[in-house]
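# Residue-level structure breakdown
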Amino acid sequence: MIMKKPIDIDKLFEKFMRRYVSENSGKYSEEEWYDMLPDIYAKFDNTPLMELGGVKPLEYFDDEGDLVGVWLEYIKQGIPLNDYILDAIVNRVDEREIIAQLDEYADEELLLSAVEVLRRKDSKNAVNRYIDLLFSKKICHHVKDEMVEDVISNVDELCGYLLERLDGKTADSMFAEILSYATARDERIKRMLLDGLKR
């Protein structure tokens, strides 16, 4: 089966919205248009589009057998990701395939979308990998900020691994912030935080 062509579906919605507004010009106030947005989105979801080969946006990825491949093509071609492909990945791709994309040499957009997908899956299995990547100088701060958020949410379970990685070194501001959320009474954490304040 031929892999789905990456398409900017959000741009298609903008086109759909402009046409819908034009066809209903003068019928509604600005506030009414705002209230109608959920219904317009639902109408778009279920409207077959020529640009999608006559398929509804909601069903565009239903028969795609290589969602990871499509995801990577979106990134490679610089086409904005959309909720349709992300939802399909969340629902149908094993988290191990997603975690496998978490590499320090990976594209920033790929890393950010992987973090987003893993959040939607409510996955806790990537946080050790996040810690590894936080030590990398190749990862940009935008990506690290997102990973730090998830590490903090699981800090008590991760303390042992993080302390092992720090190996007695003074924690920099990023790791100090993470450790400051720990509820465990560990003298190593206290010492690292105090040492950080003295720097």
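Use the structure listed above.
A few points on the structure. For every chain, the first residue of its written sequence is number 1, and the numbers climb from 1 along that sequence. Reporting of local features is limited, given that this is a predicted model, to residues whose pLDDT is at least 70; pairs of side-chain atoms are given and counted only at 80 or more, and all residues count toward the totals for whole chains, interfaces and linings. Hydrogens and water are ignored here; the side-chain numbers use all heavy atoms of the structure.

### A word on helix α3 (residues 67-77)
The condition that has to hold: The cut-offs for exposure are 20% and 50% of the maximum accessible area for each residue type, with area from a 1.4 Å probe on protein chains only; residues under the lower value are buried, those over the upper are exposed, and the others partly exposed. Secondary structure elements follow DSSP: runs of H or I of four or more residues count as helices, runs of E of two or more count as strands, with numbering from the N terminus. Should any heavy atoms of two residues lie within 4.5 Å, those residues are counted as being in contact.
Within the span of α3, buried status applies to L67, V68, G69, V70, W71, Y74 and I75. Buried residues along α3 sit in contact with α4 (83-92), α5 (95-99) and α6 (108-120). Following α3 by one or two positions, G78 adopts a phi angle in the positive range, close to 70°.

### A look at a negative patch on the surface
Filter applied, for reference: Patches draw on residues past 30% relative accessible area with no salt bridge. Two like charges within 9 Å are joined, as are two nonpolar side chains (Val, Leu, Ile, Met, Phe, Trp, Tyr) within 5 Å. For the area figures, the Shrake-Rupley method with a 1.4 Å probe applies, and any residue is considered shielded solely by the protein chains shown. Should a side-chain nitrogen of Lys or Arg be within 4 Å of a carboxyl oxygen of Asp or Glu, the pair is scored as a salt bridge. When charges are counted, Lys and Arg are positive and Asp and Glu negative, with His and the chain ends excluded. Where a charge lies is defined by one atom per residue type: Lys uses NZ, Arg uses CZ, Asp uses CG and Glu uses CD.
Negative charge collects at one region of the surface, where E30, E31, E32 and D35 lie side by side. Looking at where E30 falls in the secondary structure, it is placed in helix α2 (residues 30-45).

### Side note on the pattern of salt bridges
Overall, the coordinates contain twelve salt bridges when judged by the stated rule. The salt bridge involving R119 is made with E146; its shortest N-O contact spans 2.8 Å. In this pair, R119 is assigned in helix α6 and E146 in helix α8 (residues 141-153), connecting sequence segments 27 residues apart. With a relative accessible area of 27%, R119 lands in the partly exposed category. Overall, the relative accessible area of 27% leaves E146 in the partly exposed class. Close ionic contact of R165 with D132 constitutes a salt bridge, the shortest N to O distance being 2.6 Å. Linking R165 in helix α9 (residues 155-166) with D132 in helix α7 (residues 127-134), this pair joins segments that are 33 residues apart in sequence. Given the relative accessible area of 22%, D132 is considered partly exposed. Connected via shared salt-bridge partners are D83, D87, E116 and R120.

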